[in-house]
Amino acid sequence: MPSIENAILAVVTQHPKEVSGGLPVFIVQDDAAAQRVAGSLSHILDAMVHDLQNGTLILVRH
Amino acid sequence: MNPAPAFDVRAFVVGLAAGVIARYLMLRIDYRQYPGYPHGYVSHITHGFLAAGLGAIAWPALISKELSAFTFLALAATQFRDIRRMEREALGLQEQTELVKRGVDYIEGIAKVFEARNYLVMFIAAVSSVVAHQWGLLSGVIAPAAAYLATVHLARGRQIGRIARVKPAKVSFDGPLLKVGNIGLMNIGLEADRKVVLEHGLGAVLQPITPDARRTLADVGQRQAILHDVATVLGLRKDVDTVAFTPLARRDLETGEVGFVVVVEEPDFEVLAEVVRAVPLLESARSRAAHLLQRVRRQGERLGPRP
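Quick notes on the rules
Positions within a chain are numbered from 1, following the residues in the order the chain's sequence is written. Throughout, the order in which chains and ligands are written sets their labels, letters from A for the former and numbers from 1 for the latter. In keeping with the predicted nature of the model, local features appear solely for residues at pLDDT of at least 70, side-chain atom pairs appear and are counted solely at 80 or more, and the whole-chain, interface and lining totals rest on all residues. Excluding hydrogens and water, the side-chain values take into account all heavy atoms of the structure. Domain delimitation follows an automatic or database domain assignment. Throughout, buried area stands for the accessible area (probe radius 1.4 Å) lost by two parts on being put together, summed over both. Any carboxyl oxygen of Asp or Glu within 4 Å of a side-chain nitrogen of Lys or Arg constitutes a salt bridge here. Throughout this description, a polar contact denotes any pair of N or O atoms lying within 3.5 Å of each other; where both atoms belong to protein, one of them has to be capable of donating a hydrogen while the other can accept it, and for residues adjacent in sequence the pair is counted only when both atoms sit in side chains. Side-chain classes follow a simple rule in which Ala, Val, Leu, Ile, Met, Phe, Trp, Tyr, Cys and Pro form the nonpolar group, Asp, Glu, Lys and Arg form the charged group, and the remainder, Gly included, forms the polar group. Secondary structure counts use DSSP, requiring at least four H or I residues in a row for a helix and at least two E residues in a row for a strand, with both numbered from the N terminus. Partly exposed describes any residue whose relative accessible area lies between the buried limit of under 20% and the exposed limit of over 50%, with all areas from a 1.4 Å probe on protein chains only and scaled to the type maximum. Two strands make a pair as long as DSSP finds a minimum of two bridges between them. The convention used is that axes are lines fitted to C-alpha atoms, helices contributing only their stretch in contact, and that angles between N-to-C directions extend from 0 to 180 degrees. Aromatic rings from Phe, Tyr and Trp, with only the six-membered ring used for Trp, were paired whenever their centres fell within 6.5 Å, and each pair was classed as stacked if the ring planes differed by under 30 degrees, edge-to-face if by over 60, and tilted otherwise. Only heavy atoms matter for contacts: two residues are in contact if any of them lie within 4.5 Å across the pair.

**Student:** Tell me about the domain arrangement of chain B, and name the residues and values.
**Tutor:** All names here are of chain B. Domain annotation of chain B identifies domain 1 (9-156) and domain 2 (161-288). Summarising the inter-unit geometry, the C-alpha centres of domain 1 and domain 2 are found 35 Å apart. Per-residue buried area on domain 1 facing domain 2 is highest for Leu99, Val100 and Tyr106; these three make up 46% of the total on that side. Counting every contact that joins domain 1 to domain 2 gives one salt bridge. With a closest N to O distance of 3.4 Å, glutamate 283 and lysine 112 form a salt bridge. Our count for the domain 1 to domain 2 interface comes out at five residue pairs in polar contact (both at pLDDT 80 or more). The residue inventory of the side of domain 1 that touches domain 2, partitioned by class, reads four nonpolar, one polar and six charged.

Set out below in structure tokens:
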């Protein structure tokens with residue numbers, strides 16, 4: 001199974017201006033939505049959700 | 001010249017039996033190195049039989065001047081290296097589907113043990129056949145028992161319990177950062193995961209007893225081995241898609257303590273501590289560095305300052 005490890009697979013953010021670059025960014029309105037989207041992505045991608053504590057969550061597979 | 005004495009079949013049989021029984025007993029010594037399948041049993045007993053045969057035949061062959069039989073011993077080493085390879089490959093392949101990996105260091109350690117046990121069997125078989133030949137059958141029964149106990153005692157590795165104290169520690173969160181005692185482990189972003197960890201997480205801190213112990217606990221392979229054993233015995237509350245519950249062991253760089261949190265089915269700290277204490281010290285991790293450091297320092301003092 002090909003797998004990308006130790007790279008950011010996706011970003012879930014409430015502040016789209018603070019994120020840029022060539023990766024999937026999911027823009028959400030509040031914390032609850034962020035948790036929901038990040039939770040789904042985590043299960044789909046088998047990836048870990050990390051909280052950058054600036055309204056942005058990242059998904060990384062370790 | 002006297003004709004060579006006849007080949008002592010009885011001594012050979014005693015040695016062979018002693019070796020095979022020893023191999024069987026050694027299969028059961030340690031739950032971690034227990035092959036869980038009948039086929040594993042068959043292959044190890046078969047190799048044990050070959051090892052016992054080689055060991056048992058050495059002395060009777062030498063006595064009856066069958067020197068070519070004796071040289072077959074040399075074949076043994078090659079034969080048993082294959083066992084190490086076999087174990088390494090089997091465990092290495094299983095690794096892909098383990099929720100908590102053993103790690104290469106642990107696998108290498110287990111593979112070596114399997115190889116070495118065949119040499120121990122050869123030794124026990126050889127001792128028994130020598131004794132049975134020289135002093136009769138009855139002593140050929142006592143000798144292997146003594147040889148078995150001696151080898152088991154000598155071949156028993158040291159364990160974590162000798163180098164570290166296992167203490168329970170509080171599991172907490174500093175924002176998204178999971179902490180055990182004062183040691184930060186990892187950043188868990190999902191609220192729901194944090195709740196589960198707080199509810200079912202069991203935290204422990206290993207305190208190294210000596211400077212060498214501190215270095216041993218710093219070894220990543222050693223820490224992985226600890227986590228693997230804990231997860232095996234206590235049962236992880238985790239699946240492949242719940243990455244947040246993968247146990248990690250991190251060290252406090254100031255004190256050398258190692259902390260970890262496991263999210264388990266059976267949150268019993270006493271069992272956890274017992275399992276951790278029984279984890280073998282891996283050959284790759286065992287450190288005598290503090291001793292070495294002292295020696296180098298003493299040497300430096302003797303030689304004085306250098307230009």
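**Student:** Talk me through the pattern of salt bridges; I want residue IDs and the actual numbers.
**Tutor:** All names here are of chain B. The full count for this structure, using the stated rule, is nine salt bridges over all chains. Arginine 84 is the salt-bridge partner of glutamate 115, the closest N and O atoms lying 2.6 Å from each other. One end of the pair, glutamate 115, is in helix α5 (residues 104-135); the other, arginine 84, is in helix α4 (residues 73-95), with 31 residues separating them in the sequence. Overall, arginine 84 belongs to the partly exposed group, its relative accessible area being 23%.

**Student:** So what's going on with the sheet that holds strand β4 (residues 56-60) of chain A? Residues and values would help.
**Tutor:** Residues and elements named next belong to chain A. With mixed pairing, four strands are arranged side by side in an open sheet as β2-β1-β4-β3. The sheet terminates laterally at β2 (25-27) and β3 (48-51), the two strands that pair on one side only. For this sheet, the mean angle separating the axes of adjacent strands, direction not counted, is 20°. Here strand β1 (residues 8-13) runs beside β4; their pairing, made up of five bridges, is antiparallel. Within β4, the position partnered with valine 11 by the bridge is isoleucine 58.

**Student:** Requested: an account of the pairing of strand β2 (residues 171-174) of chain B, with residues and values cited.
**Tutor:** Looking at chain direction, β2(B) and strand β3 (residues 177-180) of chain B are connected through four bridges and run antiparallel. By the bridge assignment for β3(B), B:Asp174 is matched with B:Leu177.

**Student:** Lay out the pairing of β3(B) with the relevant residues and their values.
**Tutor:** All names here are of chain B. On β3, burial follows the alternation: Leu178 and Val180 on one face are buried, whereas Leu177 and Lys179 on the facing-out side are not. With antiparallel pairing between neighbouring strands as the criterion, β2 and β3 make up a hairpin whose turn holds two residues, including glycine 175 at a positive phi of roughly 65°. Connecting β3 to the antiparallel partner strand β4 (residues 183-187) that follows it, the hairpin turn spans two residues, and glycine 181 within it adopts a positive phi of roughly 60°.

**Student:** Before we move on, could you go through the packing of aromatic side chains and cite the residues and values that matter?
**Tutor:** Residue and element names in this part refer to chain B. This structure, assessed with the given rule, holds two aromatic pairs over all chains. For the pair tyrosine 24 and tyrosine 41, a centre-to-centre distance of 6.4 Å together with 45° between the ring planes defines the contact as tilted. Highlighted residues: tyrosine 24 in helix α1 (residues 9-28) and tyrosine 41 in helix α2 (residues 38-63), separated in sequence by 17 residues. Consider the rings of phenylalanine 80 and tyrosine 119, whose centres lie 5.9 Å apart with planes at 85°: the pair is edge-to-face.

**Student:** Lay out the interface of chain B and chain A in plain terms, naming residues and giving numbers.
**Tutor:** Between chain B and chain A, the residue contacts involve 14 residues of the former and 13 residues of the latter. Carbon and sulfur atoms make up 58% of the surface buried where chain B meets chain A, a total of about 1100 Å² over both sides. Linking chain B to chain A there are zero salt bridges. Where chain B touches chain A, the interface holds six residue pairs in polar contact (both at pLDDT 80 or more). For the side of chain B that touches chain A, the secondary structure elements donating two or more residues are β4 and α7 (191-200) of chain B. Each residue belonging to the side of chain B that touches chain A can be placed in one class, and the counts come to eight nonpolar, four polar and two charged.

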